[in-house]
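These are the residues of each chain, in order.
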Amino acid sequence: MQRVLIESDEALAQIFSRDTSPGAVMVDTEFMRRNTFYPEVGLLQLCFASDPPESETAWLVDPTKISDVSPLVDCFADTSVLKVLHSASEDLEVFQRWLGQLPVPLFDSQRAAALLGMGFGLGYRALVQEICDVDLPKGETRSNWLQRPLTESQCEYAAQDVTWLLRVWRELHRRCEQAGRLEWVLSDGNNALASLSLSDSEPHEKIKSAWKLNPRQLATLAAVCRWREKTAKQRNKPRAWIIDDQTCLQVALSPAISPQELSSIDGLPAGVIKHHGIELLDLMEEQRSLPETALPEPLPSPLNGEQRGRMKELKSRVRDEAQRLGVEPEILASKRDYELLLREAAGVAIRAPQHWSGWRQDLVVTPLREFLAGTVA
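Please read all numbers here as calculations on a predicted model, not as lab measurements.

Quick word on the overall build of the protein
- Scanning the protein from N- to C-terminus turns up 16 helices and six strands.
- Across its three principal directions, the C-alpha atoms of the protein cover 70 × 60 × 35 Å.
- By residue count, 46% of the 377 residues in the protein fall in the buried class.
- Excluding contacts between residues fewer than 6 apart, the proportion of contacts in the protein whose partners are at least 24 apart in sequence is 68%.
- Side chains of the protein carry 43 positive and 54 negative charges; the gap between the two charge centres is 6 Å.

A short note on a positive patch on the surface
- A cluster of basic residues, Arg-308, Lys-312, Lys-315, Arg-319 and Lys-335, forms a positive patch on the protein surface.
- Looking at the positive patch element by element, the count peaks at four residues for helix H13 (residues 305-325).
- When you line up the elements, Lys-335 lands in helix H15 (residues 335-345).
- The class of Lys-335 is exposed, set by a relative accessible area of 55%.

A look at the pattern of salt bridges
- Here the structure, examined in full by the defined rule, presents 22 salt bridges.
- In this structure, Asp-188 engages Arg-111 in a salt bridge whose closest nitrogen and oxygen atoms are separated by 3.2 Å. Of this pair, Asp-188 sits in helix H7 (residues 182-195) while Arg-111 is found in helix H4 (residues 109-115), placing the two residues 77 residues apart along the sequence.
- Residue class for Asp-188 comes out buried when judged on its relative accessible area of 5%.
- A salt bridge links Arg-174 to Glu-171, with the shortest nitrogen-to-oxygen separation between them at 2.6 Å. Of the two residues, Arg-174 and Glu-171 are both situated in helix H6 (residues 152-179); the distance of three residues between them amounts to about one turn of the helix.
- When its relative accessible area of 41% is taken as the criterion, Arg-174 is described as partly exposed.

Structural notes on the sheet that holds strand E5 (residues 82-85)
- With mixed pairing, six strands are arranged side by side in an open sheet as E1-E4-E3-E2-E5-E6. In this open sheet, the two edge strands, each paired with only one partner strand, are strand E1 (2-6) and strand E6 (106-108). Pairwise comparison of adjacent strand axes, ignoring direction, gives a mean angle of 25 degrees for this sheet.
- Pairing between strand E2 (residues 24-32) and E5: three bridges, direction parallel. When the sheet's bridge partners are listed, Ala-24 is paired in E5 with Leu-82.
- Contacts between H7 and the sheet are confined to E5 and E6, with E6 contributing the most and set at about 105 degrees to the helix.

So, helix H3 (residues 89-98)
- For H3, the set of buried residues is Asp-91, Leu-92, Val-94 and Phe-95. The buried side chains of H3 occupy one side of the element, clustering within an arc of 155 degrees when seen end-on.
- On the buried face of H3, the contacting elements are E2, strand E3 (40-48), helix H2 (70-77), E5, E6 and H7.
- Of the residues trailing H3, Gly-100 is marked for its positive phi of about 70 degrees.

Digging into the environment of Glu-229
- The topology assignment puts Glu-229 in helix H8 (residues 215-235).
- Distance from Glu-229 to Arg-239, taken between C-alpha atoms, is 6.7 Å for residues 10 residues apart in sequence.
- With near-sequence residues (within four places) excluded, Glu-229 lies in contact with Phe-37, Pro-203 and Arg-239.

Quick word on the packing of H8 against helix H12 (residues 270-288)
- Viewed as axis vectors pointing N to C, H8 and H12 meet at an angle of 145 degrees, and their least axial separation amounts to 10 Å. As H8 runs across H12, the sense of the crossing is right-handed. Across the interface between the two elements, Arg-216, Ala-219, Thr-220, Ala-223, Val-224, Trp-227, Lys-230 and Thr-231 from H8 touch Val-272, His-276, Glu-279, Leu-280, Leu-283, Met-284, Gln-287 and Arg-288 from H12.
- A breakdown of the residues in the contact of H8 with H12 according to their chemical character gives eight nonpolar, four polar and four charged.

Re H6
- Taking 1.5 Å per residue, 28 residues should reach 40 Å; H6 reaches 40 Å between its end C-alpha atoms and fits that length.
- Helix geometry: H6 is bent most strongly at Leu-166, by close to 30 degrees.
- Gly-180, located one to two residues past H6, shows a positive phi value of around 70 degrees.

A few points about the packing of helix H5 (residues 124-132) against H6
- Running from amino to carboxyl end, H5 crosses H6 at an angle of 60 degrees, the nearest separation of the two axes being 10 Å. Taken together, the axis directions place H5 and H6 in an arrangement best described as oblique. Crossing hand, H5 versus H6: left-handed. Of the residues in H6, those in contact with Tyr-124, Leu-127, Val-128, Ile-131 and Cys-132 of H5 are Gln-160, Asp-161, Val-162, Trp-164, Leu-165, Arg-167, Val-168, Glu-171, Leu-172 and Arg-175.
- Its residues assigned to classes, the contact of H5 with H6 comprises 10 nonpolar, one polar and four charged.

Concerning unusual backbone geometry
- A cis amide bond links Val-104 to the next residue, Pro-105, at an omega of -15 degrees.
- With respect to the secondary-structure elements, Pro-105 resides in the loop between H3 and E6.
- In this chain, Arg-148 is followed by Pro-149 through a cis amide linkage whose omega measures 0 degrees.
- Within the fold, Pro-149 resides in the loop between H5 and H6.

About the thresholds
- Residues numbered from 1 in each chain as written.
- Predicted model: local features only at pLDDT ≥ 70, side-chain atom pairs only at ≥ 80, totals over all residues.
- Heavy atoms only, no water.
- Helix = DSSP H or I, 4+ residues; strand = E, 2+ residues; numbered from the N terminus.
- Buried < 20%, exposed > 50% of the residue type's maximum accessible area, 1.4 Å probe, protein only.
- Contact = heavy atoms within 4.5 Å.
- Lys, Arg positive; Asp, Glu negative; His and termini not counted.
- Charge placed at Lys NZ, Arg CZ, Asp CG, Glu CD.
- Patch = residues over 30% accessible without salt bridge, like charges linked within 9 Å, V, L, I, M, F, W, Y side chains within 5 Å.
- Areas by Shrake-Rupley, 256 points an atom, 1.4 Å probe, with all protein chains shown as cover.
- Salt bridge = Lys/Arg side-chain N within 4 Å of Asp/Glu carboxyl O.
- Pairing = 2+ DSSP bridges.
- Axes fitted to C-alpha atoms, helices over the stretch in contact; angles between N-to-C directions.
- Arc of directions from axis to C-beta.
- Left-handed = near helix turned anticlockwise from the far one by under 90°.
- Nonpolar A, V, L, I, M, F, W, Y, C, P; charged D, E, K, R; others polar.
- Expected span 1.5 Å × (residues − 1).
- Bend = angle between axes of the 7 residues up to and from the residue.
- Parallel < 35°, antiparallel > 145°, perpendicular 65-115°, else oblique.

If you want it as structure tokens, here you go:
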């Protein structure tokens, strides 16, 4: 195997100028996200399944040297080319921001391993060890991928993230086809892509203790969280660098009507009060002026003792089904899934996640709904 560093638009275009379709391309990124809202891409790695074994190549694309990303966009949009990634969620954020195009269709090797009963959340090194009996080095895991020039060690590390993935994918693809699980993996890939634009919750709903707020306080919390999200994106800074979750909650509870009163809110940075105090006060006043009919419904309280007992029963049924299928139970249903099903059974209106459709619907969701409804023993 060899590796080639791509540092120009012309070199990037040449990668995709070959006559034959690659069928599948292994994809990985190296990025930094220490002090920013958005991930900062440092390197893109590609390895094409069409290359013969004796000339397999890791193409290392330097985003800092590329101005025309259209060849990448076209490849990612080409549904005849399977895009293979391992634990793709953060990479997808990179592509959404950098390219404006997500890789479709998507084969996530981590999810494939779980659907084959090899372990849930299996790391890349562990998967390579399991399938290829190779222990990959991890020395560059926390490397600075924005530095230039990249070192030989960094390039070698990055190249192995896609060259060994090619061997892993070929074996996983074979096993998935043999077990009739390939469509499951691809369906989960589609769900992962859709989840980036179809979030099943608002930011304020993830804050602990938000369920204790009354509707007007909750409206203020939601407005503050939306303001924080917008400000963090504009400044490209982590949310907590603007206001942390606990401070958002304190703002929602505050009766402040002046900058001086804002300053009494524990944890609210002086810089926020100085530069955004009036904006926050206007936002808070707007929520106080909302008519009752415009206020949100209170958030559901934590599950009660009876519901927690029923959750254990749901988990037991899923473990039995997972054992029958030879898969990991966590890949069938998450804690969030159990909570939503229990709330739905209690008459609470919920937004059913997209992954409840497709292959999980008949195997997991419908049987659990029937069990909770008392229609099955």
